[in-house]
Amino acid sequence: NFMLTQPHSVSESPGKTVTISCTRTGGSIASNYVQWYQQRPGSSPTAVIYEDKQRPSGVPDRFSGSIDSSSNSASLTISGLKTEDEADYYCHSYDSSNQVFGGGTKLTVL
Amino acid sequence: QVQLVQSGSELKEPGASVKVSCKASGYTFTSYAMNWVRQAPGQGLEWMGWINTNTGNPTYAQGFTGRFVFSLDTSVSTAYLQISSLEAEDTAVYYCARGVNTGYFDSWGQGTLVTVSS
């Protein structure tokens, strides 16, 4: 089994850039795809990044994903922050028998 | 378009059972896995397991064996989650989520709130 660890919260001002990390413990981050989901209060999660760096249709290019094997972590970067980006963000990956979510990061845009 | 529509909120007493449905539309139901995800109040997402919609074979994550059962009715493109012997700790929102073969959950239901209280 493995774990994905995210910071509990991050905050940044509108128009700025923020990066949320997701560190894998147990196994290589590069061995299985990483997804990122956005969840606004009272709503279902929706993907903003899949397969490490792909954006679903309709997700603006302000959202980008990357993998860093040296730190065994994935990152979600949101540029040109808007107040509507304020939400919880979850990373997600898997191995041969399990799907795992990170604990979630609350993004505050203030 | 792909849609997953779940059944409505439930209020149950401890020890009772509940069955949550997830009706799929807009795609061939048996071509994609169906996952179940739990979110306790104020907490994060927790993967419960998945069911192979082609074979009906379920796989349960650690911590979700025994009282949790995944099932299907492919004639109506619907997946079900049944929880028996409900406990207060089962109070949560339960989501179904379609799984793509690369591990990506590309479509989610709206969630079903199950509240366990006497």
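Described below are features of the structure shown in this document. Being a predicted model, the structure only gives us computed values, none of them experimental. (Residues numbered from 1 in each chain as written. Chains lettered and ligands numbered in written order. Predicted model: local features only at pLDDT ≥ 70, side-chain atom pairs only at ≥ 80, totals over all residues. Heavy atoms only, no water.)

### Regarding the overall build of chain B
Helices and strands together make up the secondary structure of chain B, namely zero helices and eleven strands. Listing each helix as α and each strand as β along chain B from the N terminus yields β-β-β-β-β-β-β-β-β-β-β. Relative to the compact-globule value of 13 Å for 118 residues, chain B shows a C-alpha radius of gyration of 13 Å, a close match. Its C-alpha atoms give chain B principal-axis dimensions of about 40 × 30 × 25 Å. For chain B, the residues scored as buried account for 44% of the 118 residues in total. (Helix = DSSP H or I, 4+ residues; strand = E, 2+ residues; numbered from the N terminus. Rg over C-alpha atoms; globule rule 2.2 N^0.38 Å. Buried < 20%, exposed > 50% of the residue type's maximum accessible area, 1.4 Å probe, protein only.)

### Here's the deal with the state of the cysteines
According to the stated counting rule, one finds two disulfides over all chains in the structure shown. A:Cys22 shares a disulfide with A:Cys91; S-S distance 2.1 Å. The S-S bond linking A:Cys22 to A:Cys91 shows a torsion near 75 degrees; that makes this disulfide right-handed. Here A:Cys22 is found in strand β3 (residues 18–25), whereas its partner A:Cys91 is found in strand β8 (residues 87–94), with 69 residues between them in sequence. Classification of A:Cys22 as buried rests on a relative accessible area of 0%. A disulfide bridge connects B:Cys22 with B:Cys96, and the sulfur atoms are separated by 2.0 Å. The sign of the S-S torsion, about 80 degrees, decides the handedness of the disulfide formed by B:Cys22 and B:Cys96: right-handed. You can see B:Cys22 sitting in strand β3 (residues 18–25) and its partner B:Cys96 sitting in strand β9 (residues 92–99), a full 74 residues away along the chain. By relative accessible area, which is 0% here, B:Cys22 ends up buried. (Disulfide = S-S within 2.5 Å.)

### Here we look at the environment of B:Leu86
Residue and element names in this part refer to chain B. Tracing the chain through its elements places Leu86 in the loop between β8 (78–83) and β9. The sequence separation of Leu86 and Gly49 amounts to 37 residues, and the corresponding C-alpha distance is 18 Å. For Leu86, the residues in contact, after removing those within four places along its chain, are Lys12, Glu13, Pro14, Gly15, Ala16, Ser17, Val18, Arg67 and Val116. (Contact = heavy atoms within 4.5 Å.)

### Notes on the nonpolar core
Within the largest apolar cluster, 36 residues are counted, with the highest numbers of intra-cluster contacts made by B:Met34, B:Trp36, B:Leu81 and B:Trp108. Secondary structure elements with two or more residues in this core: β3, β4 (33–39), β5 (46–51), β7 (68–73), β8, β9, β10 (105–108) and β11 (112–116) of chain B. Among the elements that take part in this core, β9(B) stands out by supplying five residues, more than any other. Non-local contacts of B:Leu81, meaning those with residues more than four positions away in its chain, are made with B:Val18, B:Lys19, B:Val20, B:Trp36, B:Met48, B:Phe68, B:Val69, B:Phe70 and B:Tyr94. Counting 23 residues, the second largest nonpolar core, distinct from the first, contains A:Leu4, A:Ala74, A:Tyr89 and A:Val109. (Core = buried A, V, L, I, M, F, W, Y, C linked by side-chain atoms within 4.5 Å.)

### Section: the pattern of salt bridges
Residues and elements named next belong to chain B. Scanning the model with the defined rule gives six salt bridges over all chains in all. Between Asp90 and Arg38 there is a salt bridge, and its shortest N-O distance comes to 3.9 Å. Here the residue Asp90 occupies a position in the loop between β8 and β9, and Arg38 occupies one in strand β4, the gap between them amounting to 52 residues. The class of Asp90 is buried, set by a relative accessible area of 2%. (Salt bridge = Lys/Arg side-chain N within 4 Å of Asp/Glu carboxyl O.)

### A closer look at the interface of chain B and chain A
Contact with chain B, which involves 17 residues of that partner, is made by 20 residues of chain A. Roughly 1500 Å² of surface becomes buried between chain B and chain A when both sides are summed, with 59% attributable to carbon and sulfur atoms. A per-residue breakdown of the area chain B buries against chain A is headed by B:Leu45, B:Trp47 and B:Tyr104, which together make up 41% of the total. Here chain B is connected to chain A by zero salt bridges. Run the count over chain B and chain A and you get nine residue pairs in polar contact (both at pLDDT 80 or more). Elements that contribute at least two residues to the side of chain B that touches chain A include exactly β4, β5 and β10 of chain B. (Buried area = accessible area lost by both parts, 1.4 Å probe. Polar contact = N/O pair within 3.5 Å; in protein donor to acceptor, adjacent residues only side chain to side chain.)

These results come straight from atomic positions and should not be treated as a statement about function.
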